Amino acid sequence: MDRMKSVDVFFDELQSNDDSTDVGESSPYADEATRAAPKAESKAQDGHENTTVKRKAKPKAQSTSPKTTKQKKGNKLTWWVVAIVIIAVIWCGRSLLNMGKADEQQQVVASDKASFSNGVLKVDGVTYDMVLVKAGTFTMGATPEMQNPDVVEKPAHEVTLTKDYYIGKTEVTQALWRAIMGTSEFKGDNLPVDSVSWDDCQQFIKKLNALTGKSFRLPTEAEWEFAARGGNQSRHFQYSGSNSLTNVAWYKDNSNVKISNHQDLTGFLARLPNFYRLNKSLEAISKRAKAMNNDIEKRFASMTITEIHPVRIKQPNEIGLYDMSGNVWEWCNDWYDSYSSDAQTDPKGPSNGSGRVLRGGSCGDKARYCRSSFRDHCAPDGRRSFLGLRLVLSE
């Protein structure tokens, strides 16, 4: 009974404490009361007493403190953020998918118009063959086989090219230029494109790359000379492919067209573009010839005009390249600068300058300018006569 009384006293105290406790707070005794009630009930049964303790501890009140409310709001905010992120990811994914489909469609359109495979570039039915040049080391500049070299070719120096590359078997033709640019001022599909500036070439290459998805470019000066010398198969000729320039090139001595009458002159002028800059004396003679219909033969008896020739007529060099010497000058990517005697690896020229490198000579030049080592330069926007290009693509 004493034990039962002590339990009753405990519950009375617990009850009084519960009554005085705020509803918003949980009693520190609640857990203790919950544990004590079953024990007291068990002891009463052991003593065969009729009194049964039926008191139960109050359930623990749930806290509604400001902290808990903030946590709930924080949880809701977190879920909103997660939902927004998921929606954004889905939207971005769809956008990227649509972009990918658009790129695929563009590539399909491009591949229908232009393609490159196994050294053959095809653009809108026009074919442009390229030759693979294997990496190698050579001496660049005024080597012993170059007779009476110019100061611009000195000093000779060793150059190593570490990567294979494709280079055009011919200069870019009027047909290929027209297929990319949509128009060409010259007549004759198989003639090399002429009177184009370095800047013009960059626009042409940009459009070509957009069509093919490749990275065509102009050759570096070192790449151009290595290929002109015959690459690793070089036989050390003075000109590209021979020591006899007539066999491999169109130059001043074999490219002059004799004009014997006004009809010959008219035919020649008809093949030129509108912007072609003629010699003033030629223009003057032409005007006189048109004004005077008599004594034409005498007036034209000694006149000669230099004319560009179709590609792939002369012999190729050791690796199958045509017209690396003569016909039209060819733009290189490098800015022009003097040579150094230091050995170089994959040189790309100076970072700036006033002129871009020109190589190969032209049908209007003397033999000395058609050597594989001779160099010239012109402002990037220059469009003087006999300026063309040849494409390169890194392997």
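Model, not experiment: these values are computed from the prediction.

Overview of the pattern of salt bridges
Then comes step 1: Scanning the entire structure with this criterion turns up 15 salt bridges.
Then comes step 2: Salt-bridge contacts for Arg229 lead to Glu145; the nearest nitrogen and oxygen are separated by 3.1 Å. Here Arg229, found in the loop between α6 (221-228) and α7 (245-248), pairs with Glu145, found in the loop between β4 (136-140) and β5 (157-161); they are 84 residues apart in sequence, far enough to count as distant.

Describing the packing of aromatic side chains
Then comes step 1: Counted by the stated rule, this structure contains six aromatic pairs.
Then comes step 2: With 5.6 Å between their ring centres and 85° between their planes, Phe116 and Phe216 make a pair best called edge-to-face. With a gap of 100 residues between them, Phe116 in strand β1 (residues 114-117) and Phe216 in strand β7 (residues 216-217) connect regions that are remote in the sequence.
Then comes step 3: By relative accessible area, Phe116 is classed as buried at 16%.

Focus: the pairing of strand β6 (residues 165-168)
Then comes step 1: Alternating positions in β6 separate into two faces, Tyr165 and Ile167 on one and Tyr166 and Gly168 on the other, with burial throughout.
Then comes step 2: Examined bridge by bridge, strand β3 (residues 126-133) and β6 share four bridges and lie antiparallel to one another. Directly across from Leu132, in β6, lies its bridge partner Tyr166.
Then comes step 3: Bridging between β6 and strand β15 (residues 392-394) involves three bridges; their strand directions are antiparallel. In the sheet register, Tyr166 faces β15, and the bridge partner there is Leu393.

Describing the nonpolar core
Then comes step 1: Within the largest apolar cluster, 34 residues are counted, with the highest numbers of intra-cluster contacts made by Leu176, Leu389 and Leu391.
Then comes step 2: Sorting the residues of this core by element identifies β1, β2 (120-123), β3, α4 (174-181), α5 (198-212) and β10 (329-335) as the ones contributing at least two each.

Calculation rules
Residues numbered from 1 in each chain as written. Predicted model: local features only at pLDDT ≥ 70, side-chain atom pairs only at ≥ 80, totals over all residues. Heavy atoms only, no water. Salt bridge = Lys/Arg side-chain N within 4 Å of Asp/Glu carboxyl O. Helix = DSSP H or I, 4+ residues; strand = E, 2+ residues; numbered from the N terminus. Phe/Tyr/Trp six-rings, centres within 6.5 Å; stacked < 30°, edge-to-face > 60°. Buried < 20%, exposed > 50% of the residue type's maximum accessible area, 1.4 Å probe, protein only. Pairing = 2+ DSSP bridges. Core = buried A, V, L, I, M, F, W, Y, C linked by side-chain atoms within 4.5 Å.

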